[in-house]
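Secondary and tertiary structure notes
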Amino acid sequence: MLDKNGIAQRIAQEVHDGWYVNLGIGIPTLVANFIPEGMEVEFQSENGILGMGPFPFAGKEDADLINAGKQTITAMPGAAFFDSATSFAMIRGQHVQLTVLGAMEVAQNGDIANWKIPGKMVKGMGGAMDLVASAENIIVAMMHTNRAGESKLLPSCTLPLTGVGCVKRVVTNLAVLDIRDGAFHLVERAPGIEVDQIRAATAGKLVVPEVVPEMVIA
Amino acid sequence: MLDKNGIAQRIAQEVHDGWYVNLGIGIPTLVANFIPEGMEVEFQSENGILGMGPFPFAGKEDADLINAGKQTITAMPGAAFFDSATSFAMIRGQHVQLTVLGAMEVAQNGDIANWKIPGKMVKGMGGAMDLVASAENIIVAMMHTNRAGESKLLPSCTLPLTGVGCVKRVVTNLAVLDIRDGAFHLVERAPGIEVDQIRAATAGKLVVPEVVPEMVIA
Amino acid sequence: MAINKVVTNEIEACKGVKNGMTLMLGGFGLCGIPERSIAELVRLNIVDLTCISNNAGVDDFGLGLLLQKRQIRKMISSYVGENDEFERQMLSGELEVDLIPQGSLAERCRAGGAGIPAFYTPAGYGTEVAEGKETREFNGKPHILESALTADFAFVKAWRGDTAGNLIYKATARNFNPMMAMAGKITVAEVEELVPEGELDPNQIHTPGIFVQRIFQGTGYEKRIEQRTVKTEKLSE
Amino acid sequence: MAINKVVTNEIEACKGVKNGMTLMLGGFGLCGIPERSIAELVRLNIVDLTCISNNAGVDDFGLGLLLQKRQIRKMISSYVGENDEFERQMLSGELEVDLIPQGSLAERCRAGGAGIPAFYTPAGYGTEVAEGKETREFNGKPHILESALTADFAFVKAWRGDTAGNLIYKATARNFNPMMAMAGKITVAEVEELVPEGELDPNQIHTPGIFVQRIFQGTGYEKRIEQRTVKTEKLSE
């Protein structure tokens, strides 16, 4: 089973040289830590930076330089700052090649819900609705089940949607799954995880090929 | 009768302290020369400058610094450069208080034509359609008649329109006229010009009040 | 001669703000918020406000201060996030909230300032956000029609400004400020440093002065950090 | 590590441009035009082009060079102005021309780059420009629906650029370049000075590198002035 860093590490393998990538709050933020040295990748944060760097050293924090998670960050050489309209022009205009974000629920048709539990909790959609409606590559990073042990990979979402039919791939603590033709297609198992465990934790339709390789995490 | 500089000088009297003003190509450009010293006025040129200054001294021309008429210009202290989308955001968003432009024809309902003579001449509308569709104050600066001696103030435009019902005031070599209620209302006569001369040169409906003062041009 | 927009301080700058008005306030989280203007709005105790702002600050800072005093009737935002009082007032129904996608919020403010009454965007299609909105397909992809936002007053915060109202923001403190500056009937800019006209490079202006009606140099900026995160700590979520 | 966008020169930069493609070209008149890329397009003798550009240069410079060689099938512009060959080809019907208001042209390019398929504008209502377009009233004022423009290649000219593709324009040479940079499937930027990543202040970037696919430092810029106007001459029309 993967921990959060493991999920991030696996997702980092999906990042190609020359890509602009938007990382959501939470697990997705960790993906930046696992990009190989020398790979040409730039991270966009939708509050207005391209070329986001690592967190600053203590004492070097700048209140005017944060990411979308409101964390203090640094800017890499070649970075650029811009306003929110330009930022979402990049996103909506499909200039960002990959979006990684968290979710409360993902459905077998690619729907995603991650911003509201009616009557109980409302975080707001932030930039997520723009991101999922626009990005060509959307990877969801999340735990396979919620705290109550219930599957987050469902036949259809029960919570208010963030976007429809947009998620292409899900990476969880248990597996990598692709979404197509109205089903979750099992691609890889997390180290030490059996197909049956994944099956038990997946409420939506799961398609399992004959051979399901185990993830290779360096 | 006014010459081009006279028309510009009269229009300069319409400019208020604290206004942003867009001046079109031709006579309107001359208006800038007659703004009283110390008056707080900024000229916007739609190719991307706010705070346009006078022409440069010979030898100081900068190919990268021009106005919408493609003339070399200078920038005043407090100027700003911006892109064309932002420039027309200013115009469409009614942040520019006054637009002065030339015309081939103006109609008594406020229609204006200034970009095309079918089959003969096409200059293009440039920024004029955006300007006339958006500005709250539009003053047309032009000769009262064309080279053939025909009136340019008409019952209705014969040429393809630039905008509908948008012109509020016309300043010509003969007169100042306001447009309202489907007619040209004579406001002032040019120095030495009689009402009958204006009447003869105006093809559209002309309303003449009992007293028509002569322009005061300092 | 450039048009002078300078007012003395936040007291002068906030003159004319009245109960029931619609305000825009720049900032993302606590980054780039108009601290001094917010403090003055709190002091004036103006109520029944509709506030358009990406977030509503935190419980005890930023717009959270106006929420605490129940000065806000309605919020138009994209994210509630880490503001417990915001979430509480919203869930209890005390506060009317219109949550809209962040990109749509930014673009709607820009549209308001740019004289574009409406535009189509794919964001929010098929979700609650699309309810009651026109849907139309372009290039085989469904979009929804979003309308422009404007405000009686827009309050923005910049790093440097000049007497003509030109503004330069710093780093990610820029965020929503430029679009909101465009969309305010009266736009109030507070800056950390106010310089005479001619001192800023006209090539580096982020918000041209035409969008700004009043400008003042603020004092005593707190610039609170919401999520201080540093490298010496082990990277964690 | 930032993404390196550098190519050797205009020859490398123009690779992949084919007959029949749609191109965007920045500039206003001759100010801020991609001189080197235009020269290469002339040399390549690529034909049947649709060119989106505010103007078409003058008879013997800028896009006028492509017009002379009949490489352009269709122009999408706002102004013909002082280009006799452009006007002649248009009036004779040799050249297809779509004239659109300058603000709509700028906004349509921006929309293309920003994933906004269409928007409403008052510009052109009641004129030829509105023919065949949807009309709708907002706040009692009629508007027309304008659609986004994109291009197979966008050619832009900047003052300074870095290896990551970030661009800074100079003065009014900025004009249409930033929006066209956004709207090109492949955007080629030519700059007067190319510097390593990290040399440009990230706060002063006009076009972030994400919008640029290829960048090169051009040489031998002519930067011709169309209407040289100076103060010693008596001011005249």
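Note that this is a predicted model, so its numbers are computed, not measured. Every chain is numbered on its own, with residues counted from 1 as its sequence reads. By the order in which they are written, chains take letters starting at A while ligands take numbers starting at 1. Under the rules for a predicted model, residues below a pLDDT of 70 receive no local features and side-chain atom pairs below 80 are neither given nor counted, while totals for whole chains, interfaces and linings still include all residues. Heavy atoms from the whole structure form the basis of all side-chain values; hydrogens and water molecules are not counted.

1. A few points about the overall build of chain C
Labels follow the DSSP assignment, with helices taken as runs of H or I lasting at least four residues and strands as runs of E lasting at least two, numbered in each case from the N terminus. A count of helices and strands for chain C gives six helices and eleven strands. Atoms considered for the radius of gyration are the C-alpha atoms alone. The globule rule reads 2.2 Å times the number of residues to the power 0.38. The C-alpha atoms of chain C give 18 Å as radius of gyration, which agrees with the globular expectation for 237 residues (18 Å, within 12%). By principal-axis analysis of the C-alpha atoms, chain C measures approximately 50 × 45 × 40 Å. When burial is assessed residue by residue, chain C has 64% of its 237 residues classed as buried. Counted over contacts in chain C with a minimum sequence separation of 6, partners at least 24 positions apart contribute 71%. Per-residue and other accessible areas were derived by the Shrake-Rupley procedure at a 1.4 Å probe size, with only the shown protein chains allowed to occlude residues. As displayed, chain C has an accessible area near 8,000 Å², and 45% of this comes from carbon and sulfur atoms. We count Lys and Arg on the positive side and Asp and Glu on the negative side, and we leave His and both chain ends out. Note that the charge is assigned to NZ on lysines, CZ on arginines, CG on aspartates and CD on glutamates. Averaging the locations of the 26 positively and 32 negatively charged side chains of chain C gives two centres separated by 3 Å. Per-residue accessibility, obtained with a 1.4 Å probe over protein chains only, is compared with the maximum for each type, and a residue is labelled buried under 20%, exposed over 50%, and partly exposed between these values. Contacts: residue pairs with any heavy atoms within 4.5 Å of one another.

2. Examining helix 1 (residues 4-12) of chain B
Three- or four-residue spacings in an α-helix give side chains the same orientation, since the helix completes a turn every 3.6 residues. All names here are of chain B. Of the residues making up helix 1, those classed as buried are Gly6, Ile7, Ala8, Arg10, Ile11 and Ala12. Along its buried surface, helix 1 packs onto helix 2 (27-30), strand 5 (98-101), strand 10 (138-141), strand 12 (169-171), strand 13 (175-180) and strand 14 (183-189). We call two N or O atoms a polar contact when they sit within 3.5 Å, provided that within protein one can donate a hydrogen and the other can accept it, with sequence-adjacent residues counted only if both atoms are side-chain atoms. With a side-chain oxygen positioned 3.2 Å from the backbone nitrogen of asparagine 5, the residue opening helix 1 is aspartate 3.

3. So, unusual backbone geometry
With a phi close to 55°, arginine 70 of chain C is a non-glycine residue in the positive phi region. Here arginine 70 of chain C falls in the partly exposed class, since its relative accessible area comes to 43%. Positive phi, close to 45°, is recorded for lysine 223 of chain D, a residue that is not glycine. Looking at the secondary structure, you find lysine 223 of chain D in the segment after strand 11 (214-217). Overall, lysine 223 of chain D belongs to the partly exposed group, its relative accessible area being 22%.

4. A closer look at the sheet that holds strand 11 (residues 153-154) of chain B
Residues and elements named next belong to chain B. Two strands make a pair as long as DSSP finds a minimum of two bridges between them. With respect to topology, three strands assemble into an open sheet ordered 7-6-11, the strand pairing being mixed. Each having just a single partner strand, strand 7 (112-113) and strand 11 make up the two edges of the open sheet. The sheet contact formed by strand 6 (residues 105-107) and strand 7 spans two bridges and is antiparallel. Across the sheet, the residue bridging to glutamate 105 is alanine 113, located in strand 7.

5. Some details on the packing of aromatic side chains
The criterion for an aromatic pair is that two Phe, Tyr or Trp rings (for Trp, the six-membered ring) have centres within 6.5 Å, with stacked assigned to planes under 30 degrees apart, edge-to-face to planes over 60 apart and tilted to the rest. Counted by the stated rule, this structure contains five aromatic pairs over all chains. With 6.3 Å between their ring centres and 45° between their planes, tyrosine 120 of chain C and tyrosine 120 of chain D make a pair best called tilted. Taken together, the positions of tyrosine 120 of chain C in strand 5 (residues 118-121) and tyrosine 120 of chain D in strand 5 (residues 118-121) put the pair across two chains. Looking at tyrosine 120 of chain C, the relative accessible area reads 0%, which means it is buried. Taken together through their ring pairs, the aromatic side chains of Tyr120 and Phe138 of chain C together with Tyr120 and Phe138 of chain D make up a single cluster. Over the face of the ring belonging to tyrosine 221 of chain C we find lysine 157 of chain C, whose NZ or CZ atom lies 4.7 Å from the ring centre. In this scheme, the term charge over a ring applies when either NZ of a lysine or CZ of an arginine sits within 6 Å of the ring centre and within 35 degrees of the ring normal.

6. Brief notes about helix 4 (residues 84-92) of chain C
Taken together, the buried positions of helix 4 of chain C are occupied by Glu85, Phe86, Glu87, Gln89 and Met90 of chain C. On its buried side, helix 4 of chain C packs onto strand 9 (121-122) of chain A together with helix 3 (64-68), strand 3 (72-77) and strand 4 (96-99) of chain C. Two to three positions downstream of the cap, the backbone nitrogen of glutamate 85 of chain C sits 3.2 Å from a side-chain oxygen, assigning the N-cap of helix 4 of chain C to asparagine 83 of chain C. Backbone geometry just downstream of helix 4 of chain C places glycine 93 of chain C in the positive-phi region, at approximately 85°.

7. A closer look at the relation of the copies chain D and chain C
Least-squares superposition aligns the copies on the C-alpha atoms of those residues with pLDDT at or above 70 in both. Here chain D sits on chain C after a turn of 180° about the axis and a move of 0.0 Å along it, with an RMSD of 0.0 Å. Expressed as an axis order, the relation between the two copies is that of a two-fold axis. Among all residues of chain D, the minimum C-alpha distance to the rotation axis is found for phenylalanine 119 of chain D, at 2.1 Å. Take the interface residues of chain D: 100% of them recur as interface residues in chain C, which is what a same-surface contact looks like.

8. Some points on the packing of helix 3 (residues 84-92) of chain B against helix 5 (residues 102-114) of chain C
The geometry of helix 3 of chain B relative to helix 5 of chain C is characterised by a closest axis approach of 7 Å and an angle of 60° between their N-to-C directions. On the basis of the axis angle, helix 3 of chain B is oblique to helix 5 of chain C. Residues Ala85, Phe88, Ala89 and Arg92 of chain B of helix 3 of chain B pack against Arg110, Gly113 and Ala114 of chain C of helix 5 of chain C. Side-chain classes follow a simple rule in which Ala, Val, Leu, Ile, Met, Phe, Trp, Tyr, Cys and Pro form the nonpolar group, Asp, Glu, Lys and Arg form the charged group, and the remainder, Gly included, forms the polar group. Its residues assigned to classes, the contact of helix 3 of chain B with helix 5 of chain C shows four nonpolar, one polar and two charged. Every angle, taken between N-to-C directions, lies between 0 and 180 degrees, and every axis is a line fitted to C-alpha atoms, over only the stretch in contact when it is a helix. Here roughly perpendicular refers to angles of 65 to 115 degrees, roughly parallel to angles under 35, roughly antiparallel to angles over 145, and oblique to all remaining angles.

9. Quick notes on the pattern of salt bridges
We define a salt bridge as a contact between a side-chain nitrogen of Lys or Arg and a carboxyl oxygen of Asp or Glu at a distance within 4 Å. Considering all chains together, one arrives at 64 salt bridges over all chains under this definition. In this structure, glutamate 188 of chain B and arginine 10 of chain B form a salt bridge, with 2.8 Å as the shortest nitrogen-oxygen distance. Placement of the pair is glutamate 188 of chain B in strand 14 and arginine 10 of chain B in helix 1, with a sequence separation of 178 residues. A relative accessible area of 16% places glutamate 188 of chain B in the buried class. Lysine 185 of chain C is paired through a salt bridge with aspartate 152 of chain C; the nearest N and O atoms lie 3.4 Å apart. Within this pair, whereas lysine 185 of chain C is found in strand 10 (residues 184-195), its partner aspartate 152 of chain C is found in strand 8 (residues 151-162), the two being separated by 33 residues in sequence. A residue is classified by how much of its surface remains accessible, and aspartate 152 of chain C, at 22% relative accessible area, is partly exposed. Each of Asp62 and Asp64 of chain A together with Lys157, Lys170, Glu192 and Lys223 of chain C takes part in one network of salt bridges that share partners.

10. As for the interface of chain D and chain C
On the chain C side, the residues contacting the 23 residues of chain D number 23 residues. Both faces considered, chain D and chain C share a buried interface measuring about 1,700 Å² in area, 44% of it formed by carbon and sulfur atoms. Once two parts are put together, the accessible area they lose, assessed with a 1.4 Å probe and summed over both, is termed the buried area. Interface area lost by chain D to chain C is led by Pro117, Tyr120 and Asn203 of chain D, which between them contribute 32%. The partner of arginine 110 of chain D in a salt bridge is glutamate 107 of chain C, and the shortest N-O contact between them spans 2.8 Å.

11. Quick word on the interface of chain D and chain B
The interface of chain D with chain B comprises 53 residues on the first partner and 55 residues on the second. Surface buried jointly by chain D and chain B totals about 4,500 Å² across both partners, of which 61% is contributed by carbon and sulfur atoms. Where chain D touches chain B, the interface holds five salt bridges. Residue lysine 116 of chain B is joined to glutamate 128 of chain D by a salt bridge in which the shortest nitrogen-to-oxygen separation is 2.9 Å. The tally of links from chain D across to chain B stands at 26 residue pairs in polar contact (both at pLDDT 80 or more).

12. Quick word on the environment of glycine 64 of chain C
Here glycine 64 of chain C shows up in helix 3. Classification of glycine 64 of chain C by relative accessible area gives buried; the value is 2%.

13. Considering the pairing of strand 13 (residues 175-180) of chain A
All names here are of chain A. Among the six residues of strand 13, five are classified as buried, and the element is accordingly described as predominantly covered. Counted between consecutive antiparallel strands, the loop separating strand 12 (residues 169-171) from strand 13 contains three residues. The pairing of strand 13 with strand 14 (residues 183-189) spans six bridges and is classified as antiparallel. If you follow isoleucine 179 over to strand 14, its bridge partner there is phenylalanine 184. Two successive antiparallel strands, strand 13 and strand 14, enclose a turn made up of two residues, where aspartate 181 displays a positive phi of approximately 50°.

14. Brief notes about the pairing of strand 4 (residues 96-99) of chain D
Residues and elements named next belong to chain D. Direction of pairing for strand 3 (residues 72-77) relative to strand 4: parallel, over a ladder of four bridges. In the sheet register, lysine 74 faces strand 4, and the bridge partner there is glutamate 96. As for the winding sense of the linkage, the β-α-β connection from strand 3 through helix 4 (residues 84-92) to strand 4 is right-handed. Throughout, right-handed denotes a crossover for which the path from the first strand over the helix to the second runs clockwise when the strands point away from the viewer.

15. Concerning the sheet that holds strand 6 (residues 105-107) of chain A
What the three strands build is an open sheet, ordered 7-6-11 (chain A); its pairing is mixed. The open sheet terminates on both sides in strands that have one partner only, identified here as strand 7 (112-113) and strand 11 (153-154) of chain A.

16. Quick notes on the side chain of threonine 172 of chain D
Structurally, the position occupied by threonine 172 of chain D is in the loop between strand 9 (167-168) and helix 6 (177-183). Contacts of threonine 172 of chain D, omitting those with residues within four sequence positions, involve Asn47, Gly48, Ile49, Asp64, Leu65, Ile66 and Phe81 of chain B together with Cys31 of chain D.

17. Regarding the confidence of the model for chain C
On average, chain C scores 95 in pLDDT, and the residues at 70 or more come to 97%. This complex was scored by the predictor with a pTM of 0.97 and an ipTM of 0.97. pLDDT is a per-residue confidence score from the predictor, ranging from 0 to 100.

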